[in-house]
Amino acid sequence: MDGALGAALQLQQLPPTSSADSASEASFSYKENLIGALLAIFGHLVVSIALNLQKYCHIRLAGSKDPRAYFKTKTWWLGLFLMLLGELGVFASYAFAPLSLIVPLSVVSMIGRYVLSFVGCGLAIVGTYLLVTFAPNSHEKMTGENITRHLVSWPFLLYMLVEIVLFCLLLYFYKEKNANSVVVILLLVALLGSMTVVTVKAVAGMLMLSIQGTLQLHYPIFYVMLVCMVATAVYQAAFLSQASQMYDSSLIASVGYILSTTVAITAGAVFYLDFLGEDALHICMFALGCLIAFLGVFLITRNRKKSIPFEPYISMDAMPGMQNMHDKGMTVQPDLKASFSYGALENNDNISEIYAPATLPIMQEEHGSRSASGVPYRVLEHTKKE
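By the naming in an unreviewed UniProt entry, the chain goes by NIPA like domain containing 3 and is assigned to Equus caballus. Under the UniProt heading Subcellular location (unreviewed entry), the entry covering the chain gives this text: "Membrane". Here the chain is described in UniProt, under the heading Sequence similarities (unreviewed entry), as follows: "Belongs to the NIPA family."

**Q** Would you mind going over the overall build of the chain in detail, with residue names and values included?
**A** Scanning the chain from N- to C-terminus turns up twelve helices and zero strands. Going from N to C terminus, the chain has its helices and strands arranged as α-α-α-α-α-α-α-α-α-α-α-α. Taking all 386 residues of the chain together, the buried fraction comes to 35%. The long-range share in the chain, meaning contacts at least 24 apart out of those at least 6 apart in sequence, stands at 73%.

**Q** Before we move on, can you summarise unusual backbone geometry with the specific residues and values?
**A** At Asn 178, a residue that is not glycine, the phi angle is positive and equals roughly 55 degrees. Here Asn 178 shows up in the loop between helix 7 (154-175) and helix 8 (182-212). You will see that Leu 273, though not glycine, has its phi angle at about 55 degrees, which is positive.

**Q** Tell me what's going on with the packing of helix 8 against helix 9 (residues 220-246), and back it up with residues and numbers.
**A** Between helix 8 and helix 9, whose axes approach to 8 Å, the crossing angle comes to 150 degrees. If you check the angle between helix 8 and helix 9, you find them roughly antiparallel. Between helix 8 and helix 9 the crossing geometry is left-handed.

**Q** Could you give an account of the packing of aromatic side chains, with specific residues and numbers?
**A** One pass over the structure, following the stated rule, counts nine aromatic pairs. Within the aromatic cluster, the residues linked to one another by ring pairs are Phe 156, Tyr 159, Phe 271 and Tyr 272. One cation-aromatic arrangement involves Lys 201 over Tyr 272; the distance from NZ or CZ to the ring centre is 5.8 Å.

**Q** Please set out helix 5 (residues 118-133) residue by residue, giving values where relevant.
**A** Its 16 residues place the ends of helix 5 22 Å apart at the C-alpha level, agreeing with the 22 Å of an ideal helix rising 1.5 Å per residue. Every buried residue of helix 5 is listed here: Gly 120, Cys 121, Ala 124, Gly 127, Thr 128, Leu 130 and Leu 131.

**Q** Please set out the pattern of salt bridges residue by residue, giving values where relevant.
**A** Summed over the entire model, instances satisfying the criterion amount to one salt bridge. A salt bridge links Glu 140 to Arg 149, with the shortest nitrogen-to-oxygen separation between them at 2.8 Å. Under the relative-accessibility criterion, Glu 140 is labelled partly exposed at 29%. For Arg 149, a relative accessible area of 45% translates into the label partly exposed.

**Q** For the nonpolar core, give the residues involved together with the corresponding values.
**A** With 50 residues, the main nonpolar core has Tyr 94, Ile 147 and Leu 186 as its most contacted residues. Element by element, the count of residues in this core is highest for helix 8, at 18 residues. Excluding anything up to four places from it in sequence, Leu 186 contacts Leu 240, Ala 243, Ile 252, Val 255, Gly 256 and Leu 259. Counting 18 residues, the second largest nonpolar core, distinct from the first, contains Val 108, Cys 121, Phe 134 and Ala 293.

**Q** Can you break down the side chain of Gln 54 residue by residue, with the values?
**A** Assignment of secondary structure puts Gln 54 in helix 1 (residues 2-62). Residues within four places of Gln 54 in sequence aside, it is in contact with Trp 76, Gly 79, Leu 80 and Met 83.

**Q** Tell me about the UniProt feature "transmembrane region" (unreviewed entry) in the chain, residues and numbers included.
**A** According to UniProt, the positions carrying the feature "transmembrane region" (unreviewed entry) are residues 35-54, 75-94, 114-135, 156-174, 180-209, 221-239, 251-273 and 280-300. Structurally, residues 221-239 comprises 100% helix and 0% strand, and the distance from its first C-alpha atom to its last is 27 Å. The distance separating the terminal C-alpha atoms of residues 251-273 is 32 Å; by composition the span is 91% helix and 0% strand.

**Q** Before we move on, can you summarise a nonpolar patch on the surface with the specific residues and values?
**A** On the surface, Trp 154, Leu 158, Leu 161, Val 162, Val 165, Leu 169, Tyr 172 and Phe 173 cluster together into a nonpolar patch covering about 860 Å² of accessible area. Note that Leu 169 resides in helix 7.

**Q** Got a sec to walk through the packing of helix 7 against helix 10 (residues 249-271)? Specific residues and values, please.
**A** At a minimum axis separation of 8 Å, helix 7 and helix 10 run at an interaxial angle of 150 degrees. Compared by their axis directions, helix 7 and helix 10 come out roughly antiparallel. Of helix 10, the residues touching helix 7 (which contributes Pro 155, Phe 156 and Tyr 159) are Val 263, Thr 266, Ala 267, Val 270 and Phe 271. Of the residues that constitute the contact of helix 7 with helix 10, the class distribution is seven nonpolar, one polar and no charged.

What counts, and at which threshold
- Residues numbered from 1 in each chain as written.
- Predicted model: local features only at pLDDT ≥ 70, side-chain atom pairs only at ≥ 80, totals over all residues.
- Heavy atoms only, no water.
- UniProt positions renumbered as here; feature names shortened; annotations may be inferred.
- Helix = DSSP H or I, 4+ residues; strand = E, 2+ residues; numbered from the N terminus.
- Buried < 20%, exposed > 50% of the residue type's maximum accessible area, 1.4 Å probe, protein only.
- Contact = heavy atoms within 4.5 Å.
- Axes fitted to C-alpha atoms, helices over the stretch in contact; angles between N-to-C directions.
- Parallel < 35°, antiparallel > 145°, perpendicular 65-115°, else oblique.
- Left-handed = near helix turned anticlockwise from the far one by under 90°.
- Phe/Tyr/Trp six-rings, centres within 6.5 Å; stacked < 30°, edge-to-face > 60°.
- Lys NZ or Arg CZ within 6 Å of the ring centre and 35° of its normal.
- Expected span 1.5 Å × (residues − 1).
- Salt bridge = Lys/Arg side-chain N within 4 Å of Asp/Glu carboxyl O.
- Core = buried A, V, L, I, M, F, W, Y, C linked by side-chain atoms within 4.5 Å.
- Patch = residues over 30% accessible without salt bridge, like charges linked within 9 Å, V, L, I, M, F, W, Y side chains within 5 Å.
- Areas by Shrake-Rupley, 256 points an atom, 1.4 Å probe, with all protein chains shown as cover.
- Nonpolar A, V, L, I, M, F, W, Y, C, P; charged D, E, K, R; others polar.

Here is the structure:
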């Protein structure tokens with residue numbers, strides 16, 4: 001009887017112990033989420049400051065007569081150091097918090113870059129708060145066995161099949177059919193970026209466990225993930241560079257953030273099962289935070305002033321003798337109140353009257369004759385074409 005009574009007492013004491021363990025695990029996961037979010041926010045802010053420093057260095061050198069190259073200035077190297085520090089912080093954040101929380105926090109870098117758009121920045125801050133508050137609390141140790149198990153699971157294999165087919169179709173239309181839409185190019189970047197963040201979290205988590213004493217570097221999956229991380233990052237940067245040559249940076253920032261965040265969260269939810277066990281309210285509030293952050297990024301980049309493109313023209317001041325003609329009041333390159341102008345490289349023939357450009361015939365001179373007088377160029381009067 002005493003033995004049965006003691007066993008019953010032990011069974012009655014188990015539920016409070018289990019509840020305390022779950023509470024401590026929830027508190028620990030929240031602390032890890034907070035550490036990861038703070039590292040990501042810090043990293044993105046530092047990267048934004050670094051980019052502004054390097055941009056300032058380039059602008060200052062371009063507007064001065066300093067013959068030094070940009071990589072010989074202290075400002076540029078300071079920007080590079082801060083960029084590496086920020087990227088290291090973002091990389092370390094993947095080892096603490098779920099992928100679905102870290103990826104959307106890149107909106108912080110846009111807040112630091114376009115801080116004058118108050119409404120957009122306010123929405124981005126509200127979205128960031130909702131993301132941190134209602135982020136999933138899935139904290140699985142990134143061991144080689146767990147990563148291998150996720151890699152060969154049927155949901156991820158099905159997701160990879162769909163992503164590979166979609167990537168090949170987009171690449172075919174982009175290369176063969178000249179589908180140069182910004183959505184097509186940035187969707188290619190987003191698909192590659194989703195694999196980049198999945199592999200970054202795996203590599204960062206295995207490195208963190210190795211530093212803590214549980215060595216993970218002897219697993220082949222670590223090097224597979226490392227190679228995939230580097231390869232996808234390189235090709236992602238190549239497509240992003242091609243997009244930056246054809247479209248405005250603000251458009252790339254807004255569309256790229258929305259597409260990359262959506263695809264990366266989907267990949268993290270499939271591979272790492274980030275939202276497994278989360279209730280519907282947390283998932284809906286997290287989705288609302290993403291939508292608010294998307295709207296904030298759109299307003300931030302939309303209110304940015306677009307730079308006026310430079311229209312190249314042929315300068316006649318560099319020709320011998322032109323300075324004297326300007327001093328005498330002779331018009332060499334008159335300004336017109338129309339889209340056509342002398343020396344312009346583009347001509348729009350949608351005006352009623354077009355003036356023929358002034359012709360400058362070259363006067364032949366004998367080489368070696370120092371006594372030749374007169375200017376080598378002559379300006380002819382232009383007439384109006386009826």
